[in-house]
2 protein chains.
Amino acid sequence: MRNTLADVVSAALRVLDENGLEGCSMRRVAAELDVQPSALYHHVPNKQSLLALMADVIVDGVGERDAGVPGENGGGHSGMALARNACLAMRSAMLAVRDGADVVATAAAFRLGASAVEQRLAEWVGADGARTLLFYTFGQAQSTQTHRHAASLGALIGPESGRAGQRSGTNGAPSDPVLELDASFERGLDIILTGLESEHRATGAPTNGILH
Amino acid sequence: MRNTLADVVSAALRVLDENGLEGCSMRRVAAELDVQPSALYHHVPNKQSLLALMADVIVDGVGERDAGVPGENGGGHSGMALARNACLAMRSAMLAVRDGADVVATAAAFRLGASAVEQRLAEWVGADGARTLLFYTFGQAQSTQTHRHAASLGALIGPESGRAGQRSGTNGAPSDPVLELDASFERGLDIILTGLESEHRATGAPTNGILH
DNA sequence: ACCTGAACACCGTTCAAGT
DNA sequence: ACCTGAACACCGTTCAAGT
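The rules behind each value
- Residues numbered from 1 in each chain as written.
- Chains lettered and ligands numbered in written order.
- Predicted model: local features only at pLDDT ≥ 70, side-chain atom pairs only at ≥ 80, totals over all residues.
- Heavy atoms only, no water.
- Helix = DSSP H or I, 4+ residues; strand = E, 2+ residues; numbered from the N terminus.
- Contact = heavy atoms within 4.5 Å.
- Areas by Shrake-Rupley, 256 points an atom, 1.4 Å probe, with all protein chains shown as cover.
- pLDDT = per-residue confidence, 0-100.
- Least-squares fit on C-alpha atoms with pLDDT ≥ 70 in both.
- Buried < 20%, exposed > 50% of the residue type's maximum accessible area, 1.4 Å probe, protein only.
- Near = heavy atom within 4 Å.
- Polar contact = N/O pair within 3.5 Å; in protein donor to acceptor, adjacent residues only side chain to side chain.
- Nonpolar A, V, L, I, M, F, W, Y, C, P; charged D, E, K, R; others polar.
- Buried area = accessible area lost by both parts, 1.4 Å probe.
- Salt bridge = Lys/Arg side-chain N within 4 Å of Asp/Glu carboxyl O.

Chemist: Is there a simple way to explain the overall build of chain A in this structure?
Modeler: Helix and strand counts for chain A come out as seven helices and zero strands. Sequence-distant contacts, at least 24 apart, represent 72% of the contacts inside chain A between residues at least 6 apart. Of the roughly 11200 Å² that chain A leaves accessible, carbon and sulfur atoms contribute 52%.

Chemist: Which parts of the structure should I look at to understand the confidence of the model for chain A?
Modeler: As a general rule, the predicted coordinates of low-pLDDT regions are not to be interpreted in detail. Across chain A, the average pLDDT comes to 86, with 81% of residues at 70 or higher. Overall, residues 160–166 of chain A carries pLDDT values under 50, and its contacts beyond four positions in sequence, including any with other chains, amount to two contacts.

Chemist: Explanation requested: the relation of the copies chain A and chain B in the structure shown.
Modeler: Superposition of the two copies of the chain requires a rotation about an axis together with a shift along that axis. Expressed as a screw operation, the relation of chain A to chain B combines 0.0 Å of axial shift with a rotation of 180°, fitting to an RMSD of 0.0 Å. Both copies of the chain, as the preceding transformation shows, are related through a two-fold rotation axis. Relative to the rotation axis, the C-alpha of Gly195(A) is the closest in chain A, positioned 1.8 Å from it. Mapped onto chain B, 100% of the interface residues of chain A are again interface residues, and the two copies thus contact each other with one and the same surface.

Chemist: How should the environment of Ala183(B) be read in this particular structure?
Modeler: As for its placement among the helices and strands, Ala183(B) is situated in helix H7 (residues 177–203). Residue class for Ala183(B) comes out partly exposed when judged on its relative accessible area of 29%.

Chemist: Explain the protein's contact with DNA strand D to me, please; I cannot follow it from the model alone.
Modeler: Residues in contact with DNA strand D amount to 18 residues; listed here are only the nearest, Gln36(A), Ser38(A), His43(A), Arg27(B) and Tyr41(B). Of everything in DNA strand D that lies within 4 Å of the protein, sugar and phosphate atoms constitute 57%. Residue Ser25(B) places a side-chain N or O atom 3.1 Å away from a phosphate oxygen belonging to DNA strand D. One of the side-chain N or O atoms of Tyr41(B) is found 2.7 Å from a phosphate oxygen in DNA strand D. Residue classes in the surface near DNA strand D are distributed as five nonpolar, eight polar and five charged.

Chemist: What is the right way to look at the interface of chain A and chain B in this model?
Modeler: When the parts of a complex come together, some accessible area is lost, and that lost area is often taken as the interface size. Listed as interface residues are 26 residues of chain A and, on the opposing side, 26 residues of chain B. Interface of chain A and chain B: buried area, both sides summed, is about 2300 Å²; carbon and sulfur atoms make up 63% of it. Among the residues of chain A in contact with chain B, Asp128(A), Phe135(A) and Ile191(A) are the three that bury the most area, contributing 26% of the side total. Between chain A and chain B we count four salt bridges in total.

Chemist: How should the pattern of salt bridges be read in this particular structure?
Modeler: Side-chain pairing between opposite charges can occur once the charged atoms of the two side chains come close. Under the defined criterion, the tally for this structure stands at 16 salt bridges over all chains. Across the pair Arg14(A) and Glu32(A) runs a salt bridge whose closest N-O atoms are separated by 2.5 Å. On the criterion of sequence distance, the pair formed by Arg14(A) in helix H1 (residues 5–19) and Glu32(A) in helix H2 (residues 26–32) is long-range, its members being 18 residues apart. Given a relative accessible area of 37%, Arg14(A) falls into the partly exposed group. What makes Glu32(A) partly exposed here is its relative accessible area of 32%. Arg84(B) is the salt-bridge partner of Glu186(B), the closest N and O atoms lying 2.5 Å from each other. Placement of Glu186(B) in helix H7 and of Arg84(B) in helix H4 (residues 79–95) is noted, with a sequence separation of 102 residues between them.

Below is the structure:
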């Protein structure tokens, strides 16, 4: 045999990372493998399936244990803290590959409720909480990635301020909009977690939650 | 003159609603206007700009006053209630046209902080609250639309249960997954609004909020 | 100002045929 | 099982030229 499905998926991820989602064509993936475009259809029924497999690899491992985010480890985590870490890990994983958030968000919309991360989150914060956290995380990551891309294009035209190691504004907030989006993510996450905590106190358990 | 920019945008919205986002090509929009594809480039620099204009029309009017959602009217709305209504109206507007959520979400990512709806929301619940609500609303609407589409395809293959007017499950929750998504939206919205309320009580004002 | 006609450099997918 | 070669029915965008 010459190429396996795993070869095709990882070649596709390489093409994605170098050319972005709109540059990630079946023909380019085939070229990356030195193969005719039609050969891909031996491994995958269509492009959409390939994108779903790519999404799985991108988020692989997120949501298992406290994976991805270090910090106050040592057991005794509350569900809220676990959920928080999972969302942070999820965002990092998506941001690690070009247009990763788009790929993952689109694939996730198809099998809502069926993904491994969503099910783990649901154990901690309930089904509604899990969905709310995921929608927010996807949207915020997509937005971050869009602005990073715009910034990387804008940098070639209008550097705006000379130095690379840019200072914070006088209010202590980062003036770089992409750093601002990183900080903003955690604040939005905390808003949702606070809401879930109130709900938890009021009802004694998260809606549809399994933990008690 | 033969066609105006508004003609192009509304023709594009018609094509979108009938063929979906992936069937909404420049060539089809041109055909809808009985014009050569190249003629469109007199009105619009590229497809992306056209999609942005379409997004503006789709959400046009949302976020003004209590528009879109009736109910306990008569003044005296809190910022939370106003924000809630705006999100409901936003979702309805996006769901009203095929793939509307995708079109609006993509366009919104480009000008984060600049949209009219986001600015109104920010007055009521602060900048972080506005972003959190919008990301959630976009993601939830995209998911709803994906499942509606899947359901409309699945209905042709496996009706699953015979009757059209399907009953609710024994737990009182709708068994139809797309009705479930409608109900789930409000629950997630309330989680976020509860979080914003706690924050408001703790700090005396929403983060970056203008109202006090 | 608004449009045509023709072209360029691409797409995803199918299918018979090879090894 | 895995791939080639050729084809089909499309894309977005550019550009000279018409009225």
